[in-house]
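Observations on the model geometry
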Amino acid sequence: MKTFISVSLALVLLIGLVTFGYAQGFTARDGILAGKQQIQTAMNQGNFTLALQARALFERITADEEYGWLAHYYAAFTTMIAMDYRDRSRYALSDEEQLEYIDYALEHLDECLEQREDWPEALAMRSGCLGRKSGLKPITAMITGPQSGMAISKALELEPNNPRVLMTRGISLHNTPAMWGGDREEAMHVLEEAIRQFELENVEDPVLPSWGHEEAWTWLGIGRLDSGDTEGARNAWEHALEINPDFSWVRDVLLPGITENEE
């Protein structure tokens, strides 16, 4: 509880600094770095509130001349994190509420891509958002489905070894019904390649995206479990915790779920 309070208080103070013009040398770059740290805390804890607090920080940086495009990307990312963790709680969002989150994320991704045309990281996230919108609102799938496919194809064309792009593709293949091009066996192959690329990745500038390694192992485990490979799933989730021992979705939900089913 003390950690949660201190982290939240620190972020509130940072948001205040951004709001009042980067007082005492606080810069947009500082804000991006602080927001990234808050994102990791929110993901570790599965915390909806912390994710939205981080989003508030990024929203205030979107007007910055140098880092605004990146703040738009992270505003979209934190929105999807907030949606996921709220949806996994007992206070799950309705479909309409989820669609509002997705549309908000898409607006920020469009702003990002307007400033950094064809950036694979944003294209991949846009693809994931559009894919989820197709699932929630099938009436739009004739439009959003092909848009999602074009975005991820473009991202893969530009950076075929980008681990987050590959992971997005793998998750999409897992979640898309077979009649619409989904393939869970292929999804696992793509996720395995994403993991290989994560192991090779070296993000030189800390403000750029570096997330996803433990999530790739997590989704590989989900794929293995769905195929009936319980031990394979356990192995994948243990790898995820080796990378990030604090990742609560795996530590507190997925792995205990395997144990409960075995009992």
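Treat the numbers as computed from the prediction; the structure is a model and nothing was measured.

**Remarks on the overall build of the chain**
- Along its length, the chain carries twelve helices and zero strands.
- Within the chain, contacts between residues separated by at least 24 positions form 63% of all contacts whose residues are at least 6 apart in sequence.
- Total accessible area on the chain is roughly 13,300 Å²; 52% of this is exposed by carbon and sulfur atoms.

**Points about helix α8 (residues 163-175)**
- Counted at 1.5 Å a residue, the expected span for α8 with its 13 residues is 18 Å, and the 18 Å between its end C-alpha atoms agrees.
- For α8, the buried fraction is high: ten of the 13 residues fall into the buried class.
- Buried within α8 are the following residues: Pro163, Arg164, Val165, Leu166, Met167, Thr168, Gly170, Ile171, Leu173 and His174.
- Elements that come into contact with the buried residues of α8 comprise α6 (120-136), α7 (141-158), α9 (184-200) and α10 (213-226).

**A short note on unusual backbone geometry**
- Although it is not a glycine, Asp118 sits at a positive phi angle of roughly 60°.
- Counting through the fold element by element, Asp118 comes out in the loop between α5 (95-115) and α6.
- Looking at Asp118, the relative accessible area reads 32%, which means it is partly exposed.

**Some points on the environment of Thr176**
- Mapped onto the elements, Thr176 comes out in the loop between α8 and α9.
- You can call Thr176 partly exposed: its relative accessible area is 25%.
- In this view, Thr176 contacts Gly181, Gly182 and Asp183; residues no more than four positions away in its chain are not counted.
- Within the structure, Thr176 has its side chain in polar contact with the backbone oxygen of Ser172 (distance 2.7 Å).

**A word on α6**
- Under the 1.5 Å per step criterion, the end-to-end length of α6 is 24 Å for 17 residues, consistent within 8% with the ideal 24 Å.
- Burial within α6 is extensive, with twelve of its 17 residues counted as buried.
- Three or more residues of α6 are buried, namely Pro120, Glu121, Ala122, Leu123, Ala124, Met125, Arg126, Ser127, Cys129, Leu130, Lys133 and Ser134.

**Observations concerning the packing of aromatic side chains**
- Scanning the entire structure with this criterion turns up eight aromatic pairs.
- Ring centres of Tyr73 and Tyr74 lie 5.1 Å apart, and the angle between their planes is 75°; on these two criteria the pair is classed as edge-to-face.
- Residue Tyr73 is classed as buried on the basis of its relative accessible area, which comes to 0%.
- Joined through ring pairs, the aromatic side chains of Phe58, Trp69, Tyr73, Tyr74, Phe77, Trp119 and Trp211 make up one cluster.
- Stacked on the ring of Tyr104, the Lys or Arg Arg55 has its end atom at 4.3 Å from the ring centre.

**With respect to the environment of Glu157**
- Counting through the fold element by element, Glu157 comes out in helix α7.
- Separated by 37 residues in sequence, Glu157 and Pro120 have C-alpha atoms that sit 8.8 Å apart.

**Points about the packing of α6 against α7**
- Two elements in contact, α6 and α7, have axes whose closest approach is 8 Å; the angle formed by their N-to-C orientations is 155°. Taken together, α6 and α7 sit at an angle that is classed as roughly antiparallel. Like other packed secondary-structure pairs, α6 and α7 cross with a definite hand, here left-handed. Here Pro120, Leu123, Ala124, Ser127, Leu130, Gly131, Lys133 and Ser134 of α6 come into contact with α7, specifically with Ala141, Thr144, Gly145, Gln147, Ser148, Ala151, Ile152, Lys154, Ala155 and Leu158.

Rules used throughout
Residues numbered from 1 in each chain as written. Predicted model: local features only at pLDDT ≥ 70, side-chain atom pairs only at ≥ 80, totals over all residues. Heavy atoms only, no water. Helix = DSSP H or I, 4+ residues; strand = E, 2+ residues; numbered from the N terminus. Contact = heavy atoms within 4.5 Å. Areas by Shrake-Rupley, 256 points an atom, 1.4 Å probe, with all protein chains shown as cover. Expected span 1.5 Å × (residues − 1). Buried < 20%, exposed > 50% of the residue type's maximum accessible area, 1.4 Å probe, protein only. Polar contact = N/O pair within 3.5 Å; in protein donor to acceptor, adjacent residues only side chain to side chain. Phe/Tyr/Trp six-rings, centres within 6.5 Å; stacked < 30°, edge-to-face > 60°. Lys NZ or Arg CZ within 6 Å of the ring centre and 35° of its normal. Axes fitted to C-alpha atoms, helices over the stretch in contact; angles between N-to-C directions. Parallel < 35°, antiparallel > 145°, perpendicular 65-115°, else oblique. Left-handed = near helix turned anticlockwise from the far one by under 90°.

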